[in-house]
Amino acid sequence: MTTAAATTASSSADYVRMEKAIAYVQTHFLAKPDLATLARAAHLSQYHFQRVFTRWTGISPKRFLQCLTLEHAKRQLAESRPVLEAALDSGLSGPGRLHDLFVTLEAVTPGEFKSRGAGIQITYGSHPTPFGLCLLGLTRRGVCWLSFTDRPGERNATREMQAHWSGASFVEEPEATARLAGRIFSGLNKGKGTSLSLLVMGTNFQIKVWQALLKIPQGTVVSYGAIGQMVGAPTASRAIGAAVGKNAIAYLIPCHRVIRKSGFLGGYRWGSPRKGAMLAWEAARAPQKLPDSNERARPAHENPDHFLAAS
């Protein structure tokens, strides 16, 4: 195992522990849990929790939890207006950008859509990531599947992928997908500007929504209504939400960056704790200051704003 792969595997194991603490925050946010409480939720000592948490995120629990406040989410939504305006100006056809990867999206042909991928061969494998285990599916035309799971649910995740691409043929070959998984996750924020192609299967409307998602930069969130404006359907919130939920390529098509206009997370296909983890991870690495420079930085449990919760 390479050093990068070993680091990612360790990070994946750390996430499994941290997910319990994040889930606890999302269900007990009104109680404003402190560090000791979160450590108990993760079944770790306070010292061990802080050490593992910092190893996983690269930042302190205090800073990470600041990124989970409702106030921070609302501020992010307010600051996302230039992102929306730029996307409206540039259209949805250009390449999207994920950390330092240029992501381009290709849709299957009408015949392939009708046959659910007949004639397409998908090579797949499971790999550790900073957000837990992922199932990655790859075709000659690009990534066609990326979902998050855990060991007990790994078989179900494979069945879900095979049901989505029911006309395709499958070859389990994790050795072939490992390098790509490492490229996506091992060097977060340290890419080299290389391109990455995605192959998607969906309706014309779903594809427009997924193209819009590619325009949301890391560390930014937008509302479902903003996505509606980007695709020319500002009143179709329910249809937007359905299309976001049908995204089969997690993280690369960043549906986790869409939240409710109230600042609450909303749902996520691969679990709201994971969505919160991704958003806080990205927000903590974004250039904006947190908190404001004229404010005293306070631990999350002293902050009068309750935590961002799934609803």
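Described below are features of the structure shown in this document. (Residues numbered from 1 in each chain as written. Predicted model: local features only at pLDDT ≥ 70, side-chain atom pairs only at ≥ 80, totals over all residues. Heavy atoms only, no water.)

With respect to the overall build of the protein
Move 1: Broken down by element type, the protein carries 13 helices and nine strands.
Move 2: Classification of the 311 residues of the protein by burial places 50% in the buried group.
Move 3: If you sum the accessible surface of the protein, you get close to 14100 Å²; carbon and sulfur atoms cover 52% of it. (Helix = DSSP H or I, 4+ residues; strand = E, 2+ residues; numbered from the N terminus. Buried < 20%, exposed > 50% of the residue type's maximum accessible area, 1.4 Å probe, protein only. Areas by Shrake-Rupley, 256 points an atom, 1.4 Å probe, with all protein chains shown as cover.)

Some thoughts on the pairing of strand E4 (residues 132-139)
Move 1: Counted residue by residue, E4 has seven buried out of eight residues, so it is predominantly covered.
Move 2: Judged from the seven bridges that link them, E4 and strand E5 (residues 142-149) form a sheet pairing that is antiparallel. The residue bridging Gly-137 from the neighbouring strand is Trp-145, located in E5. (Pairing = 2+ DSSP bridges.)

Points about the environment of Gly-225
Move 1: Note on placement: Gly-225 falls in helix H11 (residues 224-230).
Move 2: Distance from Gly-225 to Val-258, taken between C-alpha atoms, is 9.5 Å for residues 33 residues apart in sequence.

Some points on the pattern of salt bridges
Move 1: Enumeration according to the criterion identifies six salt bridges in this entry.
Move 2: Between Asp-14 and Arg-17 there is a salt bridge, with the nearest N and O atoms lying 3.3 Å from each other. Here Arg-17 and Asp-14 lie together in helix H1 (residues 3-27), a separation of three residues that amounts to about one turn.
Move 3: Across the pair Glu-112 and Arg-141 runs a salt bridge, and its minimum N-O distance is 2.8 Å. Pair noted here: Glu-112 is in helix H7 (residues 110-114) and Arg-141 is in the loop between E4 and E5, with a separation of 29 residues, a long-range link.
Move 4: What makes Glu-112 buried here is its relative accessible area of 14%.
Move 5: Put simply, Asp-14, Arg-17 and Arg-55 are held in one network by salt bridges that share partners. (Salt bridge = Lys/Arg side-chain N within 4 Å of Asp/Glu carboxyl O.)

Regarding the packing of aromatic side chains
Move 1: Using the criterion set out here, one finds eleven aromatic pairs in the structure.
Move 2: Centroid distance Phe-53 to Trp-56: 5.8 Å. Interplanar angle 85 degrees. Geometry classified as edge-to-face. Of this pair, Phe-53 and Trp-56 both sit in helix H3 (residues 46-57), separated by three residues, roughly a single helical turn.
Move 3: Ring centres 5.8 Å apart and planes at 40 degrees place the aromatic pair Phe-131 and Tyr-251 in the tilted group. (Phe/Tyr/Trp six-rings, centres within 6.5 Å; stacked < 30°, edge-to-face > 60°.)

Some words on the nonpolar core
Move 1: By size, the foremost hydrophobic cluster in this structure holds 60 residues, and its most contacted members are Phe-49, Trp-56, Phe-131, Leu-146, Phe-148, Leu-213 and Ile-227.
Move 2: The contacts of Phe-49, once residues within four sequence positions are left out, are Met-18, Ala-21, Leu-35, Leu-38, Ala-39, Ala-42, Leu-44 and Pro-61. (Core = buried A, V, L, I, M, F, W, Y, C linked by side-chain atoms within 4.5 Å. Contact = heavy atoms within 4.5 Å.)

Structural notes on helix H9 (residues 174-185)
Move 1: Taking 1.5 Å per residue as the helical rise, H9 with its twelve residues ought to reach 16 Å, and the 15 Å between its terminal C-alpha atoms agrees with that figure.
Move 2: Burial in H9 covers these residues: Thr-177, Leu-180, Ala-181, Ile-184 and Phe-185. Around the axis of H9, the buried residues are gathered within 120 degrees of arc, so they sit on the same side. Facing away from the buried surface of H9 by more than 90 degrees, the exposed residues are Glu-175 and Arg-179. (Expected span 1.5 Å × (residues − 1). Arc of directions from axis to C-beta.)

Structural notes on unusual backbone geometry
Move 1: The phi angle at His-43 is positive, at roughly 60 degrees, despite the residue not being glycine.
Move 2: Structurally, His-43 is set in the loop between helix H2 (35-41) and H3.
Move 3: Of note, the phi angle at Tyr-251 is positive, near 70 degrees, even though the residue is not glycine.
Move 4: Classification of Tyr-251 as buried rests on a relative accessible area of 1%.

Concerning the pairing of E5
Move 1: Most of E5 sits out of view: eight of its eight residues are buried.
Move 2: The turn linking E4 back onto E5 is made up of two residues.

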